[in-house]
Amino acid sequence: GFSVVASEVKSLAGQTAKATEEIRAQIAAIQSSSGDAVDAIRAITGTIGTINEIASSIASAVEEQSAATQEIARNVQHAAQGANEISRTISGVTDMAGDTGSSAGEVLSASDDLARQSGKMRDQVENFLAAIKAA
């Protein structure tokens, strides 16, 4: 009887050791996977930080371009007003005032083109940022 019990205890001890080893291997695999996941999350966090910096730079550049466009529009408006005042006060230089008005119109047209391009760029940046956020 004792040898049967001892044999069973020995068998159970062997099974316990085998199960313990399997559990240890599974824990090691989980720890390895967890480490890989942490590394991946760190890489993603770094990429997101880089994207955020780029997006901030783009937004800043667009804002600066918008301010410059507004300044150009104000200057064009002032130039047009000045041309009208000169035209009203100096009757002897109507040809010259006409040339100035024509130039102001060209500058205004160029300013409008620049404003349209700025709007297109702003739309492209917004689409880009939306695509980044969607990703």
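Calculation rules
Residues numbered from 1 in each chain as written. Predicted model: local features only at pLDDT ≥ 70, side-chain atom pairs only at ≥ 80, totals over all residues. Heavy atoms only, no water. Helix = DSSP H or I, 4+ residues; strand = E, 2+ residues; numbered from the N terminus. Contact = heavy atoms within 4.5 Å. Salt bridge = Lys/Arg side-chain N within 4 Å of Asp/Glu carboxyl O. Buried < 20%, exposed > 50% of the residue type's maximum accessible area, 1.4 Å probe, protein only. Polar contact = N/O pair within 3.5 Å; in protein donor to acceptor, adjacent residues only side chain to side chain.

**Structural notes on the environment of Ser118**
Mapped onto the elements, Ser118 comes out in helix H2 (residues 94-134). Between the alpha carbons of Ser118 and Glu63 there is a distance of 9.6 Å; along the sequence they are 55 residues apart. Leaving out residues up to four positions away in the same chain, Ser118 has contacts with Gln65, Ser66 and Thr69.

**So, the pattern of salt bridges**
Evaluated as defined, the whole model comprises four salt bridges. In this structure, the salt-bridge partner of Arg116 is Asp113, at a minimum N-O distance of 2.0 Å. Residue Arg116 and its partner Asp113 are located together in helix H2, separated by three residues, close to a single helical turn. Given a relative accessible area of 49%, Arg116 falls into the partly exposed group.

**As for the side chain of Ser66**
Looking at where Ser66 falls in the secondary structure, it is placed in helix H1 (residues 2-89). Using a relative accessible area of 18% as the deciding quantity, one classes Ser66 as buried. In terms of polar contacts, Ser66 uses its side chain to reach the side chain of Arg122, at 3.4 Å.

**Digging into the environment of Ser66**
A C-alpha to C-alpha distance of 9.4 Å links Ser66 and Leu114, two positions 48 residues apart in sequence. Those residues within four positions of Ser66 in sequence are excluded, and the remaining contacts are Ser118 and Arg122.

**Concerning the side chain of Ser111**
Structurally, the position occupied by Ser111 is in helix H2. Setting aside chain neighbours within four positions, we find Ser111 in contact with Thr69, Ile72 and Ala73.

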